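Residue strings, one per chain:
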Amino acid sequence: MNRYLLPLSVLGTVAGGAVLLRDYVAGGSCPSKATILGKTVIVTGANTGIGKQTALELAKRGGNIILACRDMEKCEAAARDIRRETLNHHVSARHLDLASLKSIREFAAKITEEKERVHILINNAAVMRCPRWTTEDGFEMQFGVNHLGHFLLTNLLLDTLKASAPSRIVNLSSLAHVAGHVDFEDLNWEKRTYDTKAAYCQSKLAVVLFTKELSRRLQGTGVTVNALHPGVARTELGRHTGMHSSAFSSFTLGPIFWLLVKSPQLAAQPSTYLAVAEELEGVSGKYFDGFKEKPPAPEAEDEEVAQRLWAESARLVGLELSGGPSPQ
């Protein structure tokens, strides 16, 4: 029996070390212990993946959580799961289809009618590398959902967010934004051969540009906005990529993915951090890679591009144009 103890001990040590290494590479847990008792939080795309885990983390910290999702059956189930796990009964499910301007306007109207305050808005929902689909209003799906949908939603909730100051907006972008380029001549891929990867990168670059311009407009209001790359996570977001479509890729890349790809729980930690950390009070217009602020791609820092994208986005979704900072 004793001859098996040493190998088992070594195996246990190696396995434990591997798990610790994976958690270290993935970034670990949110370093802030701040609570948000009684604060109203909206998380889009919260029925699964990073969104659901972010909602759960914020429910644990005492927030009144609104899960905003397209699939109400899954959304209700997620809300029940979170209420059961956190014993926080202030977790509700609301319908929001970011591929429909009508749905976005209806959602925002109900929120502003029913809620005096919204303290945290987490624009988490996303579509990644889908086929050539269009939204209800004819926009390329990734640009329409990842950027335009959240652009309209955020603008419609701004008055409530300002009334709730200090309040925060967290926009989930991606490291993929560095490969993006905003083509103002063909934002919706109507003239070019569709490239789903390039479309995704453009949409995530648009998120960072939106964050920069919104931050400029919100100066002095007490509302902050930051963009975030949460890391690569094992979620349904990558279902169109074909990453694990073959046994060969799963076998050869499996160990690398295990080490570098985060669980949804770990991938939700940076969103939680940006939402609650007291040390980030007043920090705005920044791009975070995990818990660390980093410079985004050069095009994401271009103020002229950001302002032009704002104007074009406002035109596409039917918002009144305003060039300067919003009134306090």
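Quantities reported herein were computed from a predicted structural model and do not represent experimental measurements.

## Looking at the pattern of salt bridges
Tallied over the full model, the rule gives 13 salt bridges. Between R94 and E114 there is a salt bridge, with the nearest N and O atoms lying 2.7 Å from each other. With a gap of 20 residues between them, R94 in strand β3 (residues 91–95) and E114 in helix α4 (residues 101–114) connect regions that are remote in the sequence. Here R94 falls in the buried class, since its relative accessible area comes to 19%. Under the relative-accessibility criterion, E114 is labelled partly exposed at 46%. Among the charged side chains, a salt-bridge network with shared partners connects K52, D81 and R84.

## Digging into the nonpolar core
The biggest cluster of nonpolar side chains holds 50 residues, and the ones touching the most others in it are I42, F107, L157, L161, I169 and L214. Listed by contribution, the elements that provide at least two residues to this core are β2 (64–69), α4, α5 (141–163), α6 (196–217), β6 (223–229) and α10 (303–317). At ten residues, the largest contribution of residues to this core is made by α5. Those residues in contact with F107 that lie beyond four places of it in its chain are I42, I66, A68, R94, H95, L96 and L153. Core analysis: the second largest hydrophobic core is formed by 35 residues, C30, A46, A59 and A267 among them.

## Considerations on the sheet that holds strand β8 (residues 292–293)
Here eight strands make up an open sheet; going across it, the order is β3-β2-β1-β4-β5-β6-β7-β8 and the pairing mixed. Either end of the sheet is taken by a strand with one partner, and the two such strands are β3 and β8. Judged from the two bridges that link them, strand β7 (residues 287–289) and β8 form a sheet pairing that is antiparallel. Bridge pairing in β8 links D289 to K292. Running at roughly 170 degrees to β3, helix α3 (residues 72–86) makes contact with β2 and β3 of the sheet.

## Structural notes on unusual backbone geometry
Comment: phi is negative for the bulk of residues other than glycine, and the bulk of peptide bonds are trans. Cis geometry marks the peptide bond from A165 to P166, where omega comes out at 5 degrees. Here P166 lies in the loop between α5 and β5 (167–172). With phi around 60 degrees, L87 is a residue other than glycine that occupies positive phi space. Relative to the elements of secondary structure, L87 occurs in the loop between α3 and β3. The backbone of R129 shows a phi angle near 50 degrees, a positive value even though the residue is not glycine. Inspection of the secondary structure puts R129 in the loop between β4 (120–123) and α5.

## Describing the side chain of E299
Residue placement: E299 occurs in the loop between β8 and α10. Despite its burial, E299 remains without a salt bridge, the nearest opposite charge being carried by R308 at 9.1 Å. Residues contacting E299, with those up to four places away along its chain left out, are G180, H181, V182, L205, L209 and V305.

## Looking at the pairing of β3
Pairing geometry for β2 and β3, over five bridges, is parallel. Looking at β3, one finds that C69 is bridged to H95. Note on the crossover from β2 through α3 to β3: the handedness is right-handed.

## Let's talk about the environment of P298
If you trace the backbone, P298 turns up in the loop between β8 and α10. Linking P298 and V178, residues 120 residues apart in sequence, is a C-alpha distance of 8.1 Å.

## Description of the confidence of the model for the chain
Mean pLDDT for the chain: 87, with 80% of residues reaching 70 or above. Segment residues 234–245 is flagged for pLDDT under 50; beyond a separation of four residues in sequence, or across chains, it makes 29 contacts in the model. Between residues 324–328, whose pLDDT stays under 50, and residues either more than four places distant or in other chains, the model counts eleven contacts.

## Structural notes on the pairing of β2
Counted residue by residue, β2 has five buried out of six residues, so it is predominantly covered. Handedness of the crossover joining strand β1 (residues 40–44) and β2 through helix α2 (residues 49–60) is recorded here as right-handed.

The rules behind the values
- Residues numbered from 1 in each chain as written.
- Predicted model: local features only at pLDDT ≥ 70, side-chain atom pairs only at ≥ 80, totals over all residues.
- Heavy atoms only, no water.
- Salt bridge = Lys/Arg side-chain N within 4 Å of Asp/Glu carboxyl O.
- Helix = DSSP H or I, 4+ residues; strand = E, 2+ residues; numbered from the N terminus.
- Buried < 20%, exposed > 50% of the residue type's maximum accessible area, 1.4 Å probe, protein only.
- Core = buried A, V, L, I, M, F, W, Y, C linked by side-chain atoms within 4.5 Å.
- Contact = heavy atoms within 4.5 Å.
- Pairing = 2+ DSSP bridges.
- Axes fitted to C-alpha atoms, helices over the stretch in contact; angles between N-to-C directions.
- Lys, Arg positive; Asp, Glu negative; His and termini not counted.
- Right-handed = clockwise from strand over helix to strand, strands pointing away.
- pLDDT = per-residue confidence, 0-100.

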